[in-house]
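# Architecture at a glance
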Amino acid sequence: MLASWSAAAIGLRRTDAVALPLNTISWGDGPRKALLLHGASSSAEVWWRLGPDLAGLGFTAVAADLRGHGLSPRNGEWTESDYRSDVLAMGGDWDVVAGHSFGGLLAVTAQAEAQDFAGALVLEDPALRYRVTDEFLGWLEEEFAEPITVERMRAARPEWDPQDVETKVRALNAVGFQAIRDTFTSTGDIDAWATFGGLTVPRLLLAADPRKDALVAAEDVAAARLLEGVEAMTIAGSSHSIHRDSYGAFWQATRDFVERHVP
């Protein structure tokens, strides 16, 4: 588990960086709006199930390729605040924002900077606390071991749906490990739990199984359950990629939360 280090609290700062226009995929045309933010080394395609499912609930669901990922541009700037500026440039008043891993961190920090950003947050094993150690970077680099092919990914992740395998391979080849290394070394150590706790919108925290590669520690799940406006649960048996490993449980929790908290 790579989640229990101590780190200085994140200092939110506005950035004067020019926001990059992000490539998006959308599903549905309902009156409610959902923004979906993938994790580092992934892409908007990862939401191929969640987007249509939200559309079925009456949402227009928009998934963005983060900078340098998928089909979005890159400009050599990789800090969390650079990524956040791109996300905030997509506008506010989202009824719900869902974020996985680094995308979950962006959802939290964007909400802290602009309180009209979202009406509710769904956070899938969010990267709210980590240290950029050699161990951490090595964990990130494991996915980029050559060759990055469907065959190799399928052998490594036999439990994944074939479409998850294919979208992950495309995402890894599109971004490259250097961009991921630059993202985390430029951003540095993170502890955004105080920022998460200070938010006022309803929040659903979905944590991976602590016996696997969870970023959210069991003690943080327990602490989150004591916060007003937070629903927190651990998805037993799931790794960090809950939406790939355990989509049924992921969708049930997300749907129930959305139906209770998003008018």
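Here, the structure is the one placed above.
Residues numbered from 1 in each chain as written. Predicted model: local features only at pLDDT ≥ 70, side-chain atom pairs only at ≥ 80, totals over all residues. Heavy atoms only, no water.

### Here we look at unusual backbone geometry
This is how the line gets drawn: Secondary structure is summarised from DSSP: a helix means a run of H or I of at least four residues, a strand means a run of E of at least two, and numbering begins at the N terminus for each. Note on exposure labels: buried denotes an accessible area under 20% of the residue type's maximum, exposed denotes more than 50%, and partly exposed covers the range between, all computed with a 1.4 Å probe on protein chains only.
Following Glu146, the chain continues into Pro147 via a peptide bond in cis, with omega recorded as -5°. If you check the backbone angles, Asp93 has positive phi at about 60° while not being a glycine. Here Asp93 shows up in the loop between α2 (80-88) and β4 (96-100). In this structure Asp93 comes out as exposed when scored by relative accessible area, which is 55%. A positive phi angle, close to 55°, is found at Ser101, a residue other than glycine. Here Ser101 lies in the loop between β4 and α3 (102-113). Note on Ser101: relative accessible area 10%, which makes it buried.

### Quick word on the environment of Thr24
This is how the line gets drawn: Any pair of residues with heavy atoms lying within 4.5 Å of one another is described as a contacting pair.
Relative to the elements of secondary structure, Thr24 occurs in strand β1 (residues 24-27). A C-alpha to C-alpha distance of 20 Å links Thr24 and Gly176, two positions 152 residues apart in sequence. Ignoring anything within four residues of it in the chain, the contact list for Thr24 reads Val62, Ala63, Ala64 and Met90.

### Some thoughts on helix α6 (residues 162-175)
Put simply, the test is: What a helix should span is 1.5 Å times the count of its residues minus one. Polar contacts, as used here, are pairs of N or O atoms within 3.5 Å; protein pairs need one atom able to donate a hydrogen and one able to accept it. Residues neighboring in sequence count only if both atoms are side-chain atoms.
Across its 14 residues, α6 extends 20 Å between first and last C-alpha, which sits within 8% of the 20 Å expected from 1.5 Å per residue. Three or more residues of α6 are buried, namely Asp164, Val165, Thr167, Lys168, Val169, Ala171, Leu172 and Val175. If you follow the buried residues of α6, they end up packed against α5 (150-156), α7 (177-187) and α10 (242-245). Near the N-terminus of α6, the side chain that reaches the backbone nitrogen of Gln163, with its oxygen 2.8 Å away, is that of Asp161.

### Structural notes on the packing of helix α4 (residues 134-141) against α7
To keep things clear, this is the line we draw: Inter-axis angles, ranging from 0 to 180 degrees, are taken between N-to-C directions of lines fitted to C-alpha atoms, where helices are fitted over the stretch in contact. Oblique is the label for every angle not falling under 35 degrees (roughly parallel), over 145 degrees (roughly antiparallel), or within 65 to 115 degrees (roughly perpendicular). Handedness of a helix crossing follows the sense of rotation of the near helix relative to the far helix, less than a right angle counterclockwise being left-handed and clockwise being right-handed. Three categories are distinguished: nonpolar for Ala, Val, Leu, Ile, Met, Phe, Trp, Tyr, Cys and Pro, charged for Asp, Glu, Lys and Arg, and polar for the others, with Gly belonging to the last.
For the pair α4 and α7, interaxial distance at closest approach is 10 Å and the crossing angle is 150°. With respect to each other, α4 and α7 are oriented roughly antiparallel. Seen from above, α4 lies across α7 with right-handed handedness. Facing Phe136, Leu137, Leu140 and Glu141 of α4, the residues of α7 in contact are Phe177, Ile180, Arg181, Phe184 and Thr185. Residues that form the contact of α4 with α7 fall into these classes: six nonpolar, one polar and two charged.

### Overview of the environment of Ala120
By the secondary structure assignment, Ala120 is in the loop between α3 and β5 (121-124). Measuring from C-alpha to C-alpha, the distance between Ala120 and Ala107 comes to 10.0 Å, with 13 residues separating the pair along the chain.

### Thoughts on the pattern of salt bridges
The test is simple: Here, a salt bridge means any Lys or Arg side-chain nitrogen found within 4 Å of an Asp or Glu carboxyl oxygen.
Taken as a whole, this structure holds 13 salt bridges when the rule is applied. A salt bridge links Asp86 to Arg67; its shortest N-O distance comes to 2.6 Å. Highlighted residues: Asp86 in helix α2 and Arg67 in the loop between β3 (59-64) and α2, separated in sequence by 19 residues. Relative accessible area serves as the criterion here: at 1%, Arg67 is assigned to the buried category. Asp191 is the salt-bridge partner of Arg129, the closest N and O atoms lying 3.0 Å from each other. With a gap of 62 residues between them, Arg129 in strand β6 (residues 129-130) and Asp191 in strand β7 (residues 190-191) connect regions that are remote in the sequence. Several salt bridges converge on common partners, so that one network encompasses Glu80, Arg84 and Glu113.

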